[in-house]
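Residue-level listing of the chains:
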Amino acid sequence: MNVSHPSVHPVEDPPTTDGGNPPRVRMKDIQGMPGTPGGLTLRICQLIFAVAALSVMATTSDFPSVSAFCFLVAAAGLQSMWSLLLAIVDIYALLVMRTLQNNRIVSLFAVGDGITSTLTFAAACASAGITVLIDNDLQGCAENHCLQFETATAMAFISWFAALPSFLLNFWSLASR
C-alpha cells in the first residue's frame, strides 16, 4: 500500500510592517484601584478613620498646646478631604461604569495618595511619640487626655493603613505603563 504521510511544517508569523512593538494587552481593573468597588471601600475607610481621628483630637481642650497634635489635626483634615473627594469620583465612575485608568488621572491619584498618606503617617508617629512621652516618661496622664490622644493616634494609623494600598496600587499602575 502506498500511503502518504503528511508532514507538518511550522508556519512563522509574518513580521510587522510598522517595525514597532505590538500593542500591549491591558489588565483588568484590580480591586482597590480607582473606579472599582474595592477602591471605593478603601476611600470610605480612609475617610471614616481620618474623621474619627480629627473628631477625637479636636474635642480635647489641650491639643493646641502640642504641635504634634496640631499636625495630626491638620493631616487628618487633609486626609479626610482628599478621601471624600476621591470617594465621590469613585462613586461617579461606578455609576456611569467608567474606568479611571487614564495616565493623568492615575498620576494625580498616586501623587495625592502619596502626599496624604505620608503626612498622615508622620502625624500619627509624632502623636504616638508625644503620647508615650506624656504617659510613660512624665507620668502626666492624670491631668491630660491620654485616652483621647491614644484613640486619635490609633485612628490616624488605621487611616494610614487604608491609604497605603490605594497609593501602592496607583503607583504600581502608573509604573507598569
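Residues numbered from 1 in each chain as written. Predicted model: local features only at pLDDT ≥ 70, side-chain atom pairs only at ≥ 80, totals over all residues. Heavy atoms only, no water.

Looking at an unreviewed UniProt entry, one finds the protein chain named CASP-like protein, with Acer negundo as its source organism. UniProt, in its Sequence similarities (unreviewed entry) section for the protein chain, records the words "Belongs to the Casparian strip membrane proteins (CASP) family." For the record of the protein chain, the UniProt heading Subunit (unreviewed entry) holds the text "Homodimer and heterodimers." (UniProt positions renumbered as here; feature names shortened; annotations may be inferred.)

Caption draft 1: Focus on the overall build of the protein chain. If you tally the helices and strands in the protein chain, you get four helices and zero strands. Secondary structure elements of the protein chain occur, N-terminal to C-terminal, as α-α-α-α. Relative to its full complement of 177 residues, the protein chain shows a buried share of 37%. Long-range pairs, those at least 24 residues apart, make up 79% of the contacts in the protein chain between residues at least 6 apart in sequence. Total accessible area computed for the protein chain in this model is approximately 10,900 Å², and 68% of it derives from carbon and sulfur atoms. (Helix = DSSP H or I, 4+ residues; strand = E, 2+ residues; numbered from the N terminus. Buried < 20%, exposed > 50% of the residue type's maximum accessible area, 1.4 Å probe, protein only. Contact = heavy atoms within 4.5 Å. Areas by Shrake-Rupley, 256 points an atom, 1.4 Å probe, with all protein chains shown as cover.)

Caption draft 2: A look at the pattern of salt bridges. A complete count under the given rule lists one salt bridge for this structure. For the salt bridge of Arg-43 with Asp-113, the shortest nitrogen-to-oxygen distance reads 2.7 Å. Taken as a pair, Arg-43 in helix H1 (residues 37–58) and Asp-113 in helix H3 (residues 103–137) lie far apart in primary sequence, 70 residues in all. By relative accessible area, which is 3% here, Arg-43 ends up buried. (Salt bridge = Lys/Arg side-chain N within 4 Å of Asp/Glu carboxyl O.)

Caption draft 3: Examining the packing of H3 against helix H4 (residues 146–175) more closely. Packing of H3 against H4 brings their axes to within 7 Å, and their N-to-C directions diverge by 155 degrees. One element, H3, and the other, H4, form an angle in the roughly antiparallel class. Our pair here, H3 against H4, has a crossing hand that is left-handed. Considered class by class, the residues forming the contact of H3 with H4 number 17 nonpolar, twelve polar and three charged. (Axes fitted to C-alpha atoms, helices over the stretch in contact; angles between N-to-C directions. Parallel < 35°, antiparallel > 145°, perpendicular 65-115°, else oblique. Left-handed = near helix turned anticlockwise from the far one by under 90°. Nonpolar A, V, L, I, M, F, W, Y, C, P; charged D, E, K, R; others polar.)

Caption draft 4: Spatial organisation of the side chain of Arg-43. Polar contacts involving the side chain of Arg-43 include one to the side chain of Asp-113, which spans 2.7 Å. Discounting residues that sit within four places of it in the chain, Arg-43 has contacts with Trp-82, Ser-83, Leu-86, Ala-87, Asp-90, Asp-113, Ser-166 and Asn-170. (Polar contact = N/O pair within 3.5 Å; in protein donor to acceptor, adjacent residues only side chain to side chain.)

Caption draft 5: Quick look at the environment of Val-111. Note on placement: Val-111 falls in helix H3. For Val-111, a relative accessible area of 52% translates into the label exposed. Val-111 sits 60 residues away from Phe-171 along the chain, and the two C-alpha atoms are 8.3 Å apart.

Caption draft 6: Summary view of unusual backbone geometry. Not every positive phi belongs to a glycine, and Met-97 is a case in point at roughly 55 degrees. Its place among the elements puts Met-97 in the loop between helix H2 (67–95) and H3. When its relative accessible area of 74% is taken as the criterion, Met-97 is described as exposed.

Caption draft 7: Seen up close, a nonpolar patch on the surface. On the surface, Phe-71, Leu-78, Met-81, Val-111, Ile-115 and Leu-119 cluster together into a nonpolar patch covering about 520 Å² of accessible area. Those elements that place two or more of their residues in the nonpolar patch are H2 and H3. Looking at Ile-115, the relative accessible area reads 48%, which means it is partly exposed. (Patch = residues over 30% accessible without salt bridge, like charges linked within 9 Å, V, L, I, M, F, W, Y side chains within 5 Å.)

Caption draft 8: Representation of the packing of aromatic side chains in the model. Summed over the entire model, instances satisfying the criterion amount to five aromatic pairs. Each residue in the set Phe-121, Phe-157, Trp-160 and Phe-161 is aromatic and connected to the rest through ring pairs, giving one cluster. (Phe/Tyr/Trp six-rings, centres within 6.5 Å; stacked < 30°, edge-to-face > 60°.)

Caption draft 9: View of the UniProt feature "transmembrane region" (unreviewed entry) in the protein chain. The positions that UniProt labels "transmembrane region" (unreviewed entry) are, in the present scheme, residues 40–60, 66–96, 108–134 and 154–175. In the segment residues 66–96, helix accounts for 94% and strand for 0%; the C-alpha atoms at its two ends are 46 Å apart.

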